[in-house]
Amino acid sequence: MRELHADVVVIGGGLGGVAAALAALRAGRSVLLTEEYAWLGGQLTSQAVPPDEHSWVEQFGVTRSYRALRDGIRDYYRSHFPLTDRARNTRDLNPGAGHVSRLCAEPRVGVAVIEQMLGPYRGAGRLTVLQPAAPVRAETEGDRVTSVIVRHAGEDVVLTGPYILDATETGALLPMTGAEYVTGAESNAETGEPSAPATADPANMQALSVCFAIDHVDGNHTIDKPGAYGFWRDYQPPFWGARMLSWQTPNPRTLETSTRSFTPNPDDDPWLVEADQRVNPGDGNLWTFRRIAARRNFTDGFYPSDICLVNWPMIDYFEEPYVDVPDPAAVERAARELSHSVLYWLQTEAPRPDGGTGWPGLRLRGDVTGGPDGLAMAPYVREGRRIRAEYTVVEQDLSLLIRGDKGAVPYPDSVGVGMYRIDLHPSTGGDNYIDVASCPFEIPLGALIPQRVENLLPAGKNIGTTHITNGSYRLHPVEWNTGEVAGALAAFCLNRSVSPRAVRNTPDLLAEFQHHLSADGVELRWPDVSGY
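Before going into details, it helps to say that this report is about the structure given with it. Predicted model only: the values in this text are computed from it and were never measured.

**Details of helix 14 (residues 476–496)**
- The end-to-end C-alpha distance of helix 14 is 30 Å, a good match for the 30 Å that 21 residues give at a rise of 1.5 Å each.
- For helix 14, the buried fraction is high: 18 of the 21 residues fall into the buried class.
- Of the residues one or two after helix 14, Ser 497 is the one with positive phi, at around 55 degrees.

Here is the structure:
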């Protein structure tokens, strides 16, 4: 088998993997980066999910490199798209004018900017990207991972390096390397979390979703009726309060059944959209909620329609888990069938405000999302495997109800910051939404240090959180921050011939590493946000 070697091997090219690669490269190290899908960027691109971010993202609370990604997306629109003068001259341009984020944009733009950020290192020969490539097995000696074998272009390739980073969406390397990990819900007795169940359930994980993009134009664009449509049309989960294919869904915060609205291409002004979920969750009107292209941001007539990104409650597939099951591909196929069924319902049977049913003019925009079946290229995986870490973040660390005015627990080993409510979607164990207000929190380095394995680092959603706190730590800017720290830590350890465990547990090394992070634009503490 062909063998490739680098200082840092990053398996998984989502947001965490890209950030990890960039951090190690900035520190002068060589990197091997692999990605299973045709696009780098994970949540932002192949999964087609606009960024879920906190209210202060334009001022502080993200790393410098994540801000560069966001600025790059806006600059790309200004350089390549026919924006209106008002849109072009707005510093905080929101191309989609979606309510969910101050930066709703098309996935391909994110791909282009990520490639721009990585381009110089590819040209210099310091970055090698294998794509598409997926890990198939790993080799270990004692407490160290010696190699990861990936399947690329029909052959197995052996990747070696002193540090291996798992930036996959599911924590795929953890079982391959024998690293200790956990899945699903821990028990209240284990974690002490108020929202944890009495009994642990490793198979109880958040729903899998396959997103898709649509617009609304003249003509009949109705897709073929999916085989499972009859099942999904009549399906009513016990906690839903209505049929799943309806405008009635649980309110994530109150759990009461609420009615959503849907109006393609509303006559709205994108400049009146306030994308601040503290003020308005924005999910009442599903068309504008995750809109990724607002036609009025572009010169008249250039976009015949807005482009709406469908990541709605109805596409959450919580019938079975996706991780640690015999056939995850079959689970993904079922989730895709649900998404196609939702689209078919929208086109044929969904109640319209005028009393009619269905919008046959809704057109599936597979060209926007890149998937061969018209849906997103990759499924949106909210929860996968998590390492058993030196420190595990629990609900008591960040819950607003518990912490109150004290704010989230400050960590002496903080390596970043984040902010998002504890937001768990319905799960495979039959749970409804779990939504807990949180305080602005820190990311402890201990959550990135496995209990035993020495040279394997998590670089995404697979850090030491629980089923509950994963709901806050799984979002775009925190995943990027986590990956950036993992890449920086690997480079730091190589430069000083020390282990990640030693960095965390040696005060002088920890202070030096934190200083390095700060100098590179990683915020370690929150400012006082009471006035914002």
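**Things to note about the pairing of strand 3 (residues 31–34)**
- The alternating pattern of strand 3 places Val 31 and Leu 33 and Leu 32 and Thr 34 on opposite faces, both of which are buried.
- Sheet topology note: the strand 2 (residues 8–11)/strand 3 ladder contains four bridges and is parallel. Bridge assignment links Val 8 to a residue of strand 3, and that residue is Val 31.
- Considered for its hand, the β-α-β crossover made up of strand 2, helix 1 (residues 15–26) and strand 3 is right-handed.
- Across four bridges, the pairing between strand 3 and strand 4 (residues 127–130) is parallel. What sits directly across from Leu 32, in strand 4, is Thr 128.

**Here we look at unusual backbone geometry**
- A cis amide bond links Gln 131 to the next residue, Pro 132, at an omega of -5 degrees.
- By the element assignment, Pro 132 lies in the loop between strand 4 and strand 5 (133–141).
- Phi angles above zero are rare outside glycine, and Ala 97 is one such case at about 50 degrees.
- With respect to the element layout, Ala 97 can be found in the loop between helix 3 (85–88) and helix 4 (107–123).
- Residue classification places Ala 97 among the buried positions, given a relative accessible area of 3%.

**Let's talk about the layout of surface pockets**
- Considering only enclosed or pocket space, the second largest pocket measures out at about 570 Å³ in volume.
- For the second largest pocket, the lining is made up of 32 residues, of which Glu 36, Thr 168, Thr 170, Ala 172 and Tyr 322 are closest to its centre.
- Going through the elements one at a time, strand 5, helix 5 (173–177) and helix 9 (328–348) are the ones with two or more residues in the lining of the second largest pocket.

**Side note on the packing of helix 1 against helix 4**
- Viewed as axis vectors pointing N to C, helix 1 and helix 4 meet at an angle of 30 degrees, and their least axial separation amounts to 11 Å. By the angle class used here, helix 1 and helix 4 are roughly parallel. Judged by the sense of rotation from one axis to the other, the crossing of helix 1 with helix 4 is left-handed. Here helix 1 contributes Val 18, Leu 22, Leu 25 and Arg 26 to the contact with helix 4, which in turn contributes Ile 114, Met 117, Leu 118 and Tyr 121.

**Remarks on the side chain of Ser 341**
- In this structure, Ser 341 sits in helix 9.
- Taking relative accessible area as the criterion, Ser 341 reaches 0% and is therefore assigned buried.
- Among residues more than four places away in sequence, those in contact with Ser 341 are Pro 226, Ala 228, Tyr 229, Trp 232 and Leu 245.

**Section: the pattern of salt bridges**
- By the definition in use, this model includes 47 salt bridges.
- Among the salt bridges present, the one from Asp 435 reaches Arg 421, with a minimum N-O distance of 2.5 Å. Pair noted here: Asp 435 is in strand 22 (residues 434–436) and Arg 421 is in the loop between strand 20 (414–418) and strand 21 (422–424), with a separation of 14 residues, a long-range link.
- Look at Arg 421 and you get partly exposed, because its relative accessible area is 25%.
- Salt bridges here are not isolated pairs; linked through shared partners, they connect Glu 53, Glu 58, Arg 70, Arg 74, Arg 91 and Asp 92.

**Remarks on the packing of aromatic side chains**
- If you walk through the whole model with that rule in mind, you get 27 aromatic pairs.
- An angle of 85 degrees between the planes, with centres 6.1 Å apart, marks the rings of Phe 60 and Trp 526 as edge-to-face. On the criterion of sequence distance, the pair formed by Phe 60 in the loop between strand 3 and helix 2 (64–80) and Trp 526 in the segment after helix 16 (507–519) is long-range, its members being 466 residues apart. An identical accessibility class is assigned to Phe 60 and Trp 526; each is buried.
- Pairing Phe 302 with Tyr 303 gives two aromatic rings, centres 5.6 Å apart and planes at 45 degrees, and the pair type is tilted.
- Joined through ring pairs, the aromatic side chains of Tyr 76, Tyr 77, Phe 81, Phe 298, Phe 302 and Tyr 303 make up one cluster.

**What to know about helix 2**
- Look at helix 2: 24 Å from first C-alpha to last across 17 residues, which is about the 24 Å you get at 1.5 Å a residue.
- Listed as buried for helix 2 are Ser 65, Tyr 66, Arg 67, Leu 69, Arg 70, Gly 72, Ile 73, Arg 74 and Tyr 77.
- Residues of helix 2 that are buried in the fold lie against helix 1, helix 3, helix 4, strand 14 (291–293) and helix 14.

**Looking at the environment of Thr 259**
- Inspection of the secondary structure assignment puts Thr 259 in strand 13 (residues 257–259).
- By relative accessible area, which is 57% here, Thr 259 ends up exposed.
- In this structure the C-alpha to C-alpha distance between Thr 259 and Thr 357, which are 98 residues apart in sequence, comes to 16 Å.
- One polar contact links Thr 259 to Gln 248, side chain to side chain, over a distance of 3.4 Å.

**Observations regarding the sheet that holds strand 14**
- In spatial order, the strands read 14-15-11-17; together these four strands make up an open sheet with antiparallel pairing. Two strands lie at the open edges of the sheet, namely strand 14 and strand 17 (362–364), each paired on one side alone. Mean inter-strand twist for the sheet, computed between neighbouring axes without regard to direction, equals 35 degrees.
- Where strand 11 (residues 212–216) meets strand 15 (residues 307–310), three bridges bridge the pair, whose relative direction is antiparallel. Counterpart to Ile 214 in the pairing with strand 15 is Cys 308.

**Brief notes about the packing of helix 1 against helix 14**
- At their nearest, the axes of helix 1 and helix 14 sit 7 Å apart, and the two run at 35 degrees to each other. Crossing geometry of helix 1 relative to helix 14 is assigned as right-handed. Contacts between helix 1 and helix 14 involve Leu 15, Gly 16, Val 18, Ala 19, Ala 20, Leu 22, Ala 23, Ala 24 and Arg 26 from the first element and His 476, Glu 479, Trp 480, Gly 483, Glu 484, Gly 487, Ala 488 and Ala 491 from the second.
- Of the residues contributing to the contact of helix 1 with helix 14, the split by class is ten nonpolar, four polar and three charged.

**Regarding the pairing of strand 6 (residues 144–152)**
- Bridge analysis of strand 5 against strand 6 gives eight bridges, and the strand direction is antiparallel. When the bridges of strand 6 are listed, Ala 138 appears paired with Val 148.
- The hairpin turn running from strand 5 into strand 6, its antiparallel successor, is two residues long, and Gly 142 in that turn takes a positive phi close to 60 degrees.
- In terms of strand pairing, strand 6 meets strand 7 (residues 155–160) through five bridges, oriented antiparallel.

Definitions and limits used
Residues numbered from 1 in each chain as written. Predicted model: local features only at pLDDT ≥ 70, side-chain atom pairs only at ≥ 80, totals over all residues. Heavy atoms only, no water. Helix = DSSP H or I, 4+ residues; strand = E, 2+ residues; numbered from the N terminus. Expected span 1.5 Å × (residues − 1). Buried < 20%, exposed > 50% of the residue type's maximum accessible area, 1.4 Å probe, protein only. Pairing = 2+ DSSP bridges. Right-handed = clockwise from strand over helix to strand, strands pointing away. 1 Å grid on protein atoms, 1.4 Å probe; cavity = no way out; pocket = protein on both sides within 12 Å on 5 of 7 lines; lining within 4 Å. Points joined across faces, edges and corners; volume = space filled by probe spheres on them. Axes fitted to C-alpha atoms, helices over the stretch in contact; angles between N-to-C directions. Parallel < 35°, antiparallel > 145°, perpendicular 65-115°, else oblique. Left-handed = near helix turned anticlockwise from the far one by under 90°. Contact = heavy atoms within 4.5 Å. Salt bridge = Lys/Arg side-chain N within 4 Å of Asp/Glu carboxyl O. Phe/Tyr/Trp six-rings, centres within 6.5 Å; stacked < 30°, edge-to-face > 60°. Polar contact = N/O pair within 3.5 Å; in protein donor to acceptor, adjacent residues only side chain to side chain. Nonpolar A, V, L, I, M, F, W, Y, C, P; charged D, E, K, R; others polar.

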